[in-house]
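Residues per chain, in single letters:
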Amino acid sequence: SGASLIRANLSGADLRVANLSRASLGIANLSGADLRVVNLSGASLIRANLSGADLRGANLKNIQLECWEEEDSSRQLIHRCSNLKDIQWDKDTQWQGSKGWDQVENIPPALKQQLGLP
C-alpha cells in the first residue's frame, strides 16, 4: 500500500490479490500482468501500460489514468497515455470514481459502454 513503483517493469507479473492501494504506478509496464482481485484503489496509473492485463475482480476505484508529455533525448515532445488494449475485466471489477478516461488509449468498446463513456 502506498508503494512507489514509477517506471517499474511488472510485465507478466503475478500480482493476484496484492494490495497496491494508493501506489504510484506512473509509466509502469503492467502489460500481461495478472491483476485478478488486486486492490489498486486510489492508485496513480498515469501513462501506465496495462495492455493485456487481467483485471477480473480488481478494485480500481478512484484510480487516476491520463496522459503526460515529455521530451525524449533529442528534445522531441512525446505524448504518452495509459493503455488498456486487450485487457480482461468482469462484472466484479470496480471502476467507480476513476478519473482521466478521456485521455486513455485503447479502451475496449464494451468497457466504454459499461462505463457510459462516449
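Check the entry above for the structure.
Predicted model, so just to flag it, every value in this text is computed and none were measured.

What counts as what
- Residues numbered from 1 in each chain as written.
- Predicted model: local features only at pLDDT ≥ 70, side-chain atom pairs only at ≥ 80, totals over all residues.
- Heavy atoms only, no water.
- Pairing = 2+ DSSP bridges.
- Helix = DSSP H or I, 4+ residues; strand = E, 2+ residues; numbered from the N terminus.
- Phe/Tyr/Trp six-rings, centres within 6.5 Å; stacked < 30°, edge-to-face > 60°.
- Buried < 20%, exposed > 50% of the residue type's maximum accessible area, 1.4 Å probe, protein only.
- Polar contact = N/O pair within 3.5 Å; in protein donor to acceptor, adjacent residues only side chain to side chain.
- Contact = heavy atoms within 4.5 Å.
- Salt bridge = Lys/Arg side-chain N within 4 Å of Asp/Glu carboxyl O.

Visitor: Can you lay out the pairing of strand β1 (residues 67-71) for me, pointing to particular residues and giving the numbers?
Guide: Pairing analysis gives five bridges linking β1 to strand β2 (residues 77-81), with the strands arranged antiparallel. If you follow C67 over to β2, its bridge partner there is C81. Remark: five residues form the turn of the hairpin made by β1 and β2, two consecutive strands paired antiparallel; R75 in that turn has positive phi of roughly 65°.

Visitor: Quick one: what's the story with the packing of aromatic side chains, residue by residue and with numbers?
Guide: Counted according to the given criterion, the structure contains one aromatic pair. Both rings, one in W95 and one in W101, keep their centres 5.4 Å apart while their planes meet at 65°; by these two values the pair is edge-to-face. On the basis of relative accessible area, W101 is assigned to the buried category, the value being 12%.

Visitor: Summarise the side chain of S98; cite the residues concerned and give the values.
Guide: Summarising the element assignment, S98 is placed in the loop between β2 and α1 (109-115). Given a relative accessible area of 11%, S98 falls into the buried group. At a separation of 2.7 Å, a polar atom in the side chain of S98 contacts the main-chain carbonyl oxygen of L60. Those residues in contact with S98 that lie beyond four places of it in its chain are L60, K61, N62 and I63.

Visitor: Please set out the pattern of salt bridges residue by residue, giving values where relevant.
Guide: Across all of its chains, the model carries six salt bridges by this definition. Here D54 ties to R36 by a salt bridge, and the two come within 3.6 Å at their closest N and O atoms. With a gap of 18 residues between them, D54 in the segment before β1 and R36 in the segment before β1 connect regions that are remote in the sequence. For R56, the salt bridge is made with D54, and the minimal N-O distance between the two is 2.4 Å. Classification of D54 by relative accessible area gives buried; the value is 8%. Bridged by salt links that share partners, the residues D14, R16, D34, R36, D54 and R56 form one connected network.

Visitor: I'd like a description of unusual backbone geometry, backed by residues and values.
Guide: Unusually for a residue other than glycine, R7 sits at a positive phi of about 65°. Tracing the chain through its elements places R7 in the segment before β1. Residue class for R7 comes out exposed when judged on its relative accessible area of 53%. Despite not being glycine, R47 shows a phi value in the positive range, around 65°. Counting through the fold element by element, R47 comes out in the segment before β1. Among the residues examined, R47 registers a relative accessible area of 7% and is labelled buried.

Read these as spatial facts, not as claims about activity.
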